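The lines below spell out each chain.
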Amino acid sequence: PMIMRRFHNSMAVGFFMGSVVAMSQMFFLLFLIYVGYKTDEFQSDGVDANGWEEFWMALFAIVQSLLLGSFAAILAAHRSEILEKPGPVLESMDGT
């Protein structure tokens, strides 16, 4: 992602991690919605009218949620390597 190449401060990395986690949760909620819709449709009609559409959409949503969640976990585990380290100029400005 372009954000990780350009911005290495803690604000940008934290915002990016939060966005990835929010997208993972959104896809998980979509998974629950598709499964609930499929269950309601089957219980009301007793027939599977739409075929496999909800199944495939639910499967896609849970896979996307798991991929984004694992990416967020890996990003959180290695965030110290992503953040820029203070150089000699910044250290001399601190007075140390």
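Attention in this report is confined to the structure presented alongside it. (Residues numbered from 1 in each chain as written. Predicted model: local features only at pLDDT ≥ 70, side-chain atom pairs only at ≥ 80, totals over all residues. Heavy atoms only, no water.)

1. A closer look at the overall build of the protein chain
If you tally the helices and strands in the protein chain, you get five helices and zero strands. Going through the 96 residues of the protein chain one by one, you find that 18% of them count as buried. Across the protein chain, the fraction of contacts at a sequence separation of at least 24, relative to all contacts at a separation of at least 6, is 64%. (Helix = DSSP H or I, 4+ residues; strand = E, 2+ residues; numbered from the N terminus. Buried < 20%, exposed > 50% of the residue type's maximum accessible area, 1.4 Å probe, protein only. Contact = heavy atoms within 4.5 Å.)

2. Regarding the packing of aromatic side chains
The final tally for this structure, using the stated rule, is four aromatic pairs. Judged by centre distance (6.1 Å) and plane angle (80 degrees), the rings of Phe16 and Phe71 are edge-to-face. Separated by 55 residues along the polypeptide, Phe16 in helix α2 (residues 10-45) and Phe71 in helix α3 (residues 53-77) bring together distant segments of the chain. (Phe/Tyr/Trp six-rings, centres within 6.5 Å; stacked < 30°, edge-to-face > 60°.)

3. Some remarks on the packing of α2 against α3
Relative to each other, α2 and α3 sit at 160 degrees, their axes nearing to 8 Å. With respect to each other, α2 and α3 are oriented roughly antiparallel. As for how α2 packs across α3, the hand of that crossing is left-handed. Of the residues contributing to the contact of α2 with α3, the split by class is 22 nonpolar, four polar and three charged. (Axes fitted to C-alpha atoms, helices over the stretch in contact; angles between N-to-C directions. Parallel < 35°, antiparallel > 145°, perpendicular 65-115°, else oblique. Left-handed = near helix turned anticlockwise from the far one by under 90°. Nonpolar A, V, L, I, M, F, W, Y, C, P; charged D, E, K, R; others polar.)

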